[in-house]
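Structural overview for review
One letter stands for each residue in the lines below.
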Amino acid sequence: MVFGTFDMVHEGHVDFFRQARSLAPEPHLIVSVARDAIVTRIKGNKPRRSESERCSLLRRNTLVDEVILGQGDGYIEHIEEAHPDIIALGYDQIGEYVSNLEKDLTNAGVKAKVVRLKAFRPETYKTSKLI
């Protein structure tokens, strides 16, 4: 399971999906798309595409098996519902949910392993630099 805004899908995201898929012998990649209100709160501006457009874009990606919307408030419940074995975080994902993730998973009884993925040419492939 991976998380993100995915306002556009660029080569950095494709590598992110490939790295996440490589963590399991029979991968089923679940992508959790951040809600519009959460993106606005965290990033300070609205995403360019609506959450439904971003989900639709990801559903067409052959590396993605399942697309779900993140929660409007919190995050553990939708992770519990998805039952991931592995949660793959991007190299640049930070914030309260990331710093508390392993503790919150343990407290919720979720047995997912948390892995931090490597950057792929972040000087070029970062959405904020491409927009």
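Provided above is the structure to which this section pertains.
A short tour of the structure in this document, coming up.

Cut-offs applied
- Residues numbered from 1 in each chain as written.
- Predicted model: local features only at pLDDT ≥ 70, side-chain atom pairs only at ≥ 80, totals over all residues.
- Heavy atoms only, no water.
- Helix = DSSP H or I, 4+ residues; strand = E, 2+ residues; numbered from the N terminus.
- Rg over C-alpha atoms; globule rule 2.2 N^0.38 Å.
- Buried < 20%, exposed > 50% of the residue type's maximum accessible area, 1.4 Å probe, protein only.
- Contact = heavy atoms within 4.5 Å.
- Lys, Arg positive; Asp, Glu negative; His and termini not counted.
- Charge placed at Lys NZ, Arg CZ, Asp CG, Glu CD.
- Pairing = 2+ DSSP bridges.
- Axes fitted to C-alpha atoms, helices over the stretch in contact; angles between N-to-C directions.
- Polar contact = N/O pair within 3.5 Å; in protein donor to acceptor, adjacent residues only side chain to side chain.

1. Things to note about the overall build of the protein
For the protein, the count of helices and strands is six helices and five strands. Reading the helices (α) and strands (β) of the protein from amino to carboxyl end gives β-α-β-α-α-β-α-β-α-β-α. Taken against the 2.2 N^0.38 rule, which gives 14 Å for 131 residues, the C-alpha radius of gyration of the protein at 14 Å falls within 12% of a compact globule. Dimensions of the protein along its principal axes, counting C-alpha atoms only, are 40 × 35 × 25 Å. Buried residues in the protein amount to 44% of all 131 residues. Taking contacts inside the protein between residues at least 6 apart in sequence as the whole, the part at least 24 apart equals 71%. Taking the 19 positively charged and 19 negatively charged side chains of the protein as two groups, their mean positions are separated by 6 Å.

2. Examining the sheet that holds strand β3 (residues 66-69)
Sheet architecture is open: three strands sit in the order β1-β2-β3, paired in parallel fashion. Lying at the two open borders of the sheet, with one neighbouring strand each, are β1 (2-4) and β3. Going from strand to strand, the sheet's axes swing by 25 degrees on average, the running direction of each strand aside. Here strand β2 (residues 30-33) pairs with β3 via four bridges, running parallel. The residue bridging Ile30 from the neighbouring strand is Glu66, located in β3.

3. Thoughts on the side chain of Gln93
Turning to its location among the elements, Gln93 is positioned in the loop between β4 (86-89) and α5 (96-108). There is a polar contact of 2.6 Å between the side chain of Gln93 and the backbone nitrogen of Gly90. Excluding residues within four positions of it along the chain, Gln93 makes contact with Phe3, Gly4, Phe16, Ala88, Val98 and Arg116.

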